[in-house]
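Listed below are the residues making up each chain.
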Amino acid sequence: MSRVCELTGKKAMVGNNVSHAMNRTKRKFDANLIKKRFYIPEEDKWVTLKVATSTLKTINKIGITAALKQARVKGFIK
């Protein structure tokens, strides 16, 4: 399974390792993902999602139901 946030679609970025001599080689910046269980009271069930930690802060702020609603609008969830 790819390392992509299931609610926001955040994924790995590409950048450079830069040495002291300014030599550049390609590297990858992975998204900071965690597996987390959320309780959805409207559906009365637990859901396990792989989310970025920045998304977790958003969920704490707006709530899981609003975050799921936004993800459905953006097309990340069916």
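Here's what I pulled together on the structure shown here. (Residues numbered from 1 in each chain as written. Predicted model: local features only at pLDDT ≥ 70, side-chain atom pairs only at ≥ 80, totals over all residues. Heavy atoms only, no water.)

1. Examining helix 2 (residues 64-74)
Here comes step 1: Of the positions making up helix 2, those classed as buried are Ile64, Ala67, Leu68 and Ala71. Around the axis of helix 2, the buried residues are gathered within 100° of arc, so they sit on the same side. The exposed residues of helix 2 that point more than 90 degrees off its buried face are Lys69 and Val73.
Here comes step 2: Close packing links the buried residues of helix 2 with strand 3 (33-40), strand 4 (45-52) and helix 1 (53-62). (Buried < 20%, exposed > 50% of the residue type's maximum accessible area, 1.4 Å probe, protein only. Helix = DSSP H or I, 4+ residues; strand = E, 2+ residues; numbered from the N terminus. Arc of directions from axis to C-beta. Contact = heavy atoms within 4.5 Å.)

2. Re the pattern of salt bridges
Opposite charge on two side chains permits pairing when their charged atoms draw close.
Here comes step 1: Summed over all chains, the structure comprises 1 salt bridge.
Here comes step 2: Between Glu43 and Lys45 there is a salt bridge whose closest N-O contact spans 3.4 Å.
Here comes step 3: Judged by relative accessible area, which is 41%, Glu43 ranks as partly exposed.
Here comes step 4: On the accessibility criterion, Lys45 (41% relative accessible area) is partly exposed. (Salt bridge = Lys/Arg side-chain N within 4 Å of Asp/Glu carboxyl O.)

3. Comments concerning the pairing of strand 3
Here comes step 1: Pairing geometry for strand 3 and strand 4, over 8 bridges, is antiparallel. By the bridge assignment, Leu33 is partnered in strand 4 with Ala52.
Here comes step 2: Here strand 3 hands over to strand 4 after 4 residues, with Asp44 in that stretch at a positive phi of 55°. (Pairing = 2+ DSSP bridges.)

4. Some points on the nonpolar core
When a protein is soluble and globular, its nonpolar side chains tend to lie buried together.
Here comes step 1: With 15 residues, the main nonpolar core has Leu7, Phe38 and Leu49 as its most contacted residues.
Here comes step 2: Only strand 3, strand 4, helix 1 and helix 2 provide two or more residues apiece to this core.
Here comes step 3: When residues of this core are assigned to their parent elements, the largest contribution, 4 residues, is made by helix 2.
Here comes step 4: Ignoring anything within four residues of it in the chain, the contact list for Phe38 reads Lys45, Trp46, Val47, Leu49, Val51, Leu56, Ile59 and Ile64. (Core = buried A, V, L, I, M, F, W, Y, C linked by side-chain atoms within 4.5 Å.)

5. Considering the packing of aromatic side chains
Here comes step 1: Applying the stated rule across the entire model yields 1 aromatic pair.
Here comes step 2: For the pair Tyr39 and Trp46, a centre-to-centre distance of 5.2 Å together with 55° between the ring planes defines the contact as tilted.
Here comes step 3: For Tyr39, a relative accessible area of 34% translates into the label partly exposed.
Here comes step 4: When the ring centre of Phe29 is taken as origin, the NZ or CZ atom of Arg27, which lies over that ring, is 3.9 Å away.
Here comes step 5: Lying over the aromatic face of Trp46, Arg37 brings its terminal NZ or CZ to 4.5 Å of the ring centre. (Phe/Tyr/Trp six-rings, centres within 6.5 Å; stacked < 30°, edge-to-face > 60°. Lys NZ or Arg CZ within 6 Å of the ring centre and 35° of its normal.)

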